[in-house]
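Descriptive analysis of the structure
Below, each chain spelled out in residue letters.
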Amino acid sequence: MSFIARAVQVPPNSATLGEARKRTFDFFKQACRSIPTVIEIYNLHDVVTISQFRSTISSEIRKNAHITNPKVIDMLLFKAMEELNNVVEHAKQRHHIIGQYVVGKGLVQDRGTGDQDISDFLKNFYTSNYA
């Protein structure tokens, strides 16, 4: 599956906003197709479902829906494709994926177990980085 992520590259410039929009949809399709592989590679079956992961990717893309400059959209697509390639190539570890795309997006509720023996400083640190 990693060869697919390497084979598709974002061209340097989109001529129109419509072309950039089409490339965004193509990237979303490519990311959704790689979700089962990512869940298998990082053993995320017990943490997140495919539909939850898909909604996280969708929300990340929708965060930038207000951008209308095709050059900026191309730059964001390049960064997103680089991130997807890093994830598919197993350049990240499991806790990176969980922290960035699962716990950080509210898909898993923090149960608060083990907080009894943690200092206030660490509690504040954990809530500020994962909330």
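To keep things clear, this report deals only with the structure shown in the data block.

What counts and what doesn't
- Residues numbered from 1 in each chain as written.
- Predicted model: local features only at pLDDT ≥ 70, side-chain atom pairs only at ≥ 80, totals over all residues.
- Heavy atoms only, no water.
- Axes fitted to C-alpha atoms, helices over the stretch in contact; angles between N-to-C directions.
- Helix = DSSP H or I, 4+ residues; strand = E, 2+ residues; numbered from the N terminus.
- Parallel < 35°, antiparallel > 145°, perpendicular 65-115°, else oblique.
- Left-handed = near helix turned anticlockwise from the far one by under 90°.
- Contact = heavy atoms within 4.5 Å.
- Nonpolar A, V, L, I, M, F, W, Y, C, P; charged D, E, K, R; others polar.
- Buried < 20%, exposed > 50% of the residue type's maximum accessible area, 1.4 Å probe, protein only.
- Polar contact = N/O pair within 3.5 Å; in protein donor to acceptor, adjacent residues only side chain to side chain.

Relative orientation of the contacting elements helix 2 (residues 17-42) and helix 4 (residues 70-88) amounts to 15°, with a least axis distance of 10 Å. Relative to helix 4, helix 2 is oriented roughly parallel. Between helix 2 and helix 4 lies a crossing of left-handed hand. From helix 2, Leu17, Ala20, Arg23, Thr24, Phe27, Gln30, Ala31, Ser34, Val38, Ile41 and Tyr42 reach across to helix 4, where they touch Pro70, Ile73, Asp74, Leu77, Ala80, Met81, Leu84, Asn86, Val87 and Val88. When its residues are assigned to classes, the contact of helix 2 with helix 4 shows 15 nonpolar, four polar and two charged.

Here we come to the environment of Thr49. Considering the arrangement of structural elements, one finds Thr49 in the loop between helix 2 and helix 3 (50-62). Among the residues examined, Thr49 registers a relative accessible area of 38% and is labelled partly exposed. Spatially, the C-alpha atom of Thr49 lies 9.5 Å from that of Ile35, the residues being 14 residues apart in sequence. A polar atom in the side chain of Thr49 sits 3.3 Å from the side chain of Ser51.

That is the geometry; function is a separate question.
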